[in-house]
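Coordinate inspection notes
Read off the chains here:
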Amino acid sequence: QKEVEQNSGPLSVPEGAIASLNCTYSDRGSQSFFWYRQYSGKSPELIMFIYSNGDKEDGRFTAQLNKASQYVSLLIRDSQPSDSATYLCAVFFGNEKLTFGTGTRLTIIP
Amino acid sequence: SQTIHQWPATLVQPVGSPLSLECTVEGTSNPNLYWYRQAAGRGLQLLFYSVGIGQISSEVPQNLSASRPQDRQFILSSKKLLLSDSGFYLCAWSRAGSRNTIYFGEGSWLTVV
């Protein structure tokens, strides 16, 4: 069974520090990887996607992909209290089915 | 720009009653459409997806069904709800084709009592 694994947390990070969120996936052939943020009681919203090995930066967010290790991560620089949320990693297995991890709950401590 | 609307936002239904959740997408044609469910403290589970009118793929055997009567309309239904159907239901869309980014609606909170 194809799976996406995340540490459920909670992960506590001081305000202004770097938050590091990690995700592993089971299918070496996966090509597309996504990070979503979900505030409590709300629907997930896309933060960024990554398709190629290496780093992709968007503002305070950096996604890192290592296909050989089947590992994708999200770094949040200069963490703010508004970053406190659950972060979902998602991977396309096959063609149309996006599979989600259970999410990591992040708390930014002022 | 594209928008997705989902309703109702919240509902409380007795066991054995029917269910209908509706979702519409605006600003795009022939989208892929999805229904996900998120139970308390659990991950997102794909229930149904559709690549076109009348084309529905079911991921999880259950007492739910989905229909796509129009290009940008997706409906989730049940004839008789179970307690285990409680959860957060999310409609989502992506552009036609493979491995495109999925965008979610606001979600519907269902409590079966």
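Residue indices follow the written sequence of each chain, beginning from 1 at its first position. Starting at A for chains and at 1 for ligands, labels are handed out in the order in which the entities are written. Local features in a predicted model are, by the rule used here, given only for residues with pLDDT of at least 70; side-chain atom pairs are given and counted only at 80 or more, and totals for whole chains, interfaces and linings are based on all residues. Only hydrogens and water are removed before side-chain values are computed, so all heavy atoms of the structure are retained for them.

1. What about unusual backbone geometry?
For the peptide bond that leads from G9(A) to P10(A), omega is 10 degrees, which places it in the cis range. Helix and strand definitions follow DSSP, with helices as H or I runs of at least four residues and strands as E runs of at least two, each counted in order from the N terminus. Topologically, P10(A) is positioned in the loop between β1 (4-5) and β2 (11-14). A cis amide bond links W7(B) to the next residue, P8(B), at an omega of -5 degrees. By secondary structure assignment, the location of P8(B) is in the loop between β1 (3-7) and β2 (10-13). A positive phi is found at Q70(A), a non-glycine position, where the angle reads about 55 degrees. As for its position among the elements, Q70(A) is in the loop between β7 (61-66) and β8 (71-76). Note on classification: 1.4 Å probe, protein chains only; a residue is buried when its accessible area is under 20% of the maximum for its type, exposed when over 50%, partly exposed between these limits. The class for Q70(A) is buried, based on a relative accessible area of 13%. Of note, the phi angle at D78(A) is positive, near 50 degrees, even though the residue is not glycine. By the secondary structure assignment, D78(A) is in the loop between β8 and β9 (85-93).

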